[in-house]
Structures are given as C-alpha cells and as structure tokens.
There are 2 protein chains.
Amino acid sequence: MSDLLERLRGRGWRMTAQRRVVAEVLEGDHVHLTADEVHARAVDRLPEISRATVYNTLGEMVSLGEVIEVSTDRRAKRYDPNAHRPHHHLVCARCGAIRDVHPSGNPLADLPDDERFGFTVSDVEVTYRGICPNCSATA
Amino acid sequence: MSDLLERLRGRGWRMTAQRRVVAEVLEGDHVHLTADEVHARAVDRLPEISRATVYNTLGEMVSLGEVIEVSTDRRAKRYDPNAHRPHHHLVCARCGAIRDVHPSGNPLADLPDDERFGFTVSDVEVTYRGICPNCSATA
DNA sequence: TGTTTGACTTGGACAAAGTCCATTGTAGGA
DNA sequence: TCCTACAATGGACTTTGTCCAAGTCAAACA
Ligand SMILES: [Mn+2]
Ligand SMILES: [Mn+2]
Ligand SMILES: [Zn+2]
Ligand SMILES: [Zn+2]
C-alpha cells in the first residue's frame, strides 16, 4: 500500500477519493512531478478531479511535511514524496530528468563566517546539473 | 562608467538608449533585480522603454554571459551582473535580501561517484537560507 | 442506519511572470 | 544624407498558480 497515504491517514485527515488518488500518484522513488503532471495522472483514475483540488492537496501535504516542493528549473514546482530523508538533486540539463542525491560533507560548514554577512544561516539547497546517461548516448 | 556597458560595446552590440539604460540599472555589487524591477528603474530614466525590450535585453546579456539568471525563490527570475566571479547566494527567508557568497571547498567534489547515476556532472548551484541581521533585529 | 455539519471539491475568474509577433523606429555604415 | 538590417513597441497569448462562492460528502452521532 501507500506509505504516504498511511502517514496522512495517521494524522487524522478526512479521506476522500481525490486525496487518495493524489497520494497514490506520488508513490515511488525519484518522483518529482509537477502539479499538472499529478493532475493528469490523477484524472486517469478519477476523471473529474479538479486542478484546484490537486493544488490544495499538494499544498496540504507540503504543510504537513509529507511532501517537499522542489524547484530545479524556473518552470513549475515539483512535488517530491521523499520528505523524510534529506537530499539534494541532480538534474539533466537536456531532458530534465531528476535524481535524488546524498552528497558527503555538509555544505553549511563550507560557508565561512566572514561570508555570512551577519545572517543566521539555517538551510542550504544544492542542485547539481549535468547530462544523464540517456542523453549522452543519444548525443 | 559602466563595466557592463563597456564589455557589451566591445562585443559589437548596436548601442541604443534602451540598452544603455538597462546596463546602467544593473551596475553594482549584490545586485539581483527582477525584470520588472529593472523595468521600473529604467522607466525613471527613459519613460517609454517597454517591458518587452527589458526582457529582450536581459535575455541577450544572459546569452552573452555578461549577466546571470538567479532563481532563489519561485517568484520572478533575478538578473545578476556579477557574471565573472563564480559565486552562490545567501537569501533572507523573511525579507528576501540576497547576498553573493563564496564558500570554501568545492561542492562538486562532495558528490560521490555512486551518487552520480552515470550523469556527467558539470555544475552545481547552492542557495543558503537564513535570517538577515536586519530581520533579526526587528524580530 | 439516517441526519447533520463542517470540511472538501469544483469550475471559473483572476493574477504574475514571461513569450511572441506584426508593426514602427533607428543606429550606424555606405 | 540615405538605407536597411537590427531593435523597440504594445498588445495578445501562455503558463503556472491563487482565490472564491456554491455545491457535495465523510464521518461523527443519535
Ligand atoms: Mn527528491
Ligand atoms: Mn549574485
Ligand atoms: Zn537527459
Ligand atoms: Zn531579512
């Protein structure tokens, strides 16, 4: 079954067909779908689900910390169910494929005090860019 | 005068009042304006400059490598004239202030081979987030 | 099991950021 | 000074997302 769905149910969510379908669409690893992609796949299972509901539901999942918003390009935000293991992203510059990555080391420690300008720095977001094996092959 | 302007002139750009004004607006350090902010400031100097021209001009500067596009939030892209010294960004989560930062170490080296999934990784983008001194004070 | 009700869903209007294009204007060379 | 290729303009259009009033329904409770 759906891990995500289980966690949400455990938080006292009212369960509706729409929410179930959105959670099911987000199952898996290296999943980073846009809201419209989620909507398209949700419609396959539940034809009349609305765009507004998909946005609402994703927003709530994000608020609950069960889904992460990822912006690797300047297009649509992507929704990532891998919320419980901190990670960064590796993006193909050609086709947009996205993989979760776990760098060694802590980039926060790499920011010297004299480069902090008095900020209280609490978080760092890293995006690696390159060419995926698929795109390399079909050069 | 304008370094940016000089570099652009040196590349054989046809010089127009509009391009001059956009380049002048982008002078300085830690400058990360949105296209609309650039437009607003350009209008102060040249009232009839159009939005389309600002977008076109910024896009060309980016193509020439004289300006960098930065997306620290999911709002508008920001345009950064500091294109000749590689750097990352430190962003205030409350007010959005942005500073250029130069971390020690190379985050690219922190990505182990078994986390590269066969990608040819060529670039990394790092965004630090925190609270600026100003926002800390007016807590 | 039927009723009730507040939470959820819906479709459409609206907004922000950006692109595209036909038309008009002009920088800079001949 | 004249020409013309390149640049500027403004408005229509697109994408991504938010907001709202009205209708629907999950689930608590009797
Ligand atoms: Mn991820
Ligand atoms: Mn910068
Ligand atoms: Zn690829
Ligand atoms: Zn601040």
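The shown structure was predicted, so the numbers you read here are calculated from the model rather than taken from an experiment.

A. Structural context of the protein's contact with DNA strand C. Around DNA strand C, the structure places 18 residues, and the nearest of them are T16(A), Q18(A), T53(A), M15(B) and K77(B). For DNA strand C, the backbone portion of the atoms within 4 Å of the protein, that is sugar and phosphate, comes to 72%. Here S50(A) contributes a backbone N or O atom positioned 3.0 Å from a phosphate oxygen of DNA strand C. The backbone of M15(B) places a nitrogen or oxygen atom 2.9 Å from a phosphate oxygen of DNA strand C. Where the surface near DNA strand C is concerned, the elements lending two or more residues are α2 (17-25) and α4 (51-63) of chain A together with α4 (51-63) of chain B.

B. Inspection of the relation of the copies chain B and chain A at higher detail. The transform that puts chain B on chain A rotates by 179° and translates by 0.1 Å along the axis, for an RMSD of 0.2 Å. Taken together, these values place the two copies in the relation of a two-fold axis. Within chain B, the C-alpha atom positioned nearest to the axis of rotation is that of V126(B), 2.3 Å from it. A high fraction, 100%, of the interface residues of chain B reappear at the interface in chain A, so the copies pair face to face through one surface.

C. Highlighting the sheet that holds strand β5 (residues 98-101) of chain B. A sheet is described by the order of its strands in space; here six strands give the open sequence β5(A)-β4(A)-β6(A)-β6(B)-β4(B)-β5(B), paired in mixed fashion. The strands lining the two open edges of the sheet, one partner per strand, are β5 (98-101) of chain A together with β5 of chain B. Adjacent strand axes in the sheet meet at a mean angle of 25° when their direction is disregarded. Pairing analysis gives four bridges linking strand β4 (residues 88-92) of chain A to strand β6 (residues 120-131) of chain A, with the strands arranged parallel. Bridge pairing links C92(A) to G130(A) in β6(A).

D. Structural detail: the coordination of the manganese ion (ligand 2). Residue and element names in this part refer to chain B. Taken together, H32 (NE2), D80 (OD), H87 (NE2), H89 (NE2) and D100 (OD) make up the protein donors of the manganese ion (ligand 2), found 1.9 to 2.3 Å from the metal. Mapped onto the sequence, the donors of the manganese ion (ligand 2) take the spacing H-x47-D-x6-H-x1-H-x10-D. One end of the pair, H32, is in the loop between α2 (17-25) and β1 (33-34); the other, D100, is in strand β5, with 68 residues separating them in the sequence.

Reading the values: the criteria
- Residues numbered from 1 in each chain as written.
- Chains lettered and ligands numbered in written order.
- Predicted model: local features only at pLDDT ≥ 70, side-chain atom pairs only at ≥ 80, totals over all residues.
- Heavy atoms only, no water.
- Near = heavy atom within 4 Å.
- Polar contact = N/O pair within 3.5 Å; in protein donor to acceptor, adjacent residues only side chain to side chain.
- Helix = DSSP H or I, 4+ residues; strand = E, 2+ residues; numbered from the N terminus.
- Least-squares fit on C-alpha atoms with pLDDT ≥ 70 in both.
- Contact = heavy atoms within 4.5 Å.
- Pairing = 2+ DSSP bridges.
- Axes fitted to C-alpha atoms, helices over the stretch in contact; angles between N-to-C directions.
- Donors = N, O, S within 2.8 Å, 3.2 Å for Na, K, Ca; no water.

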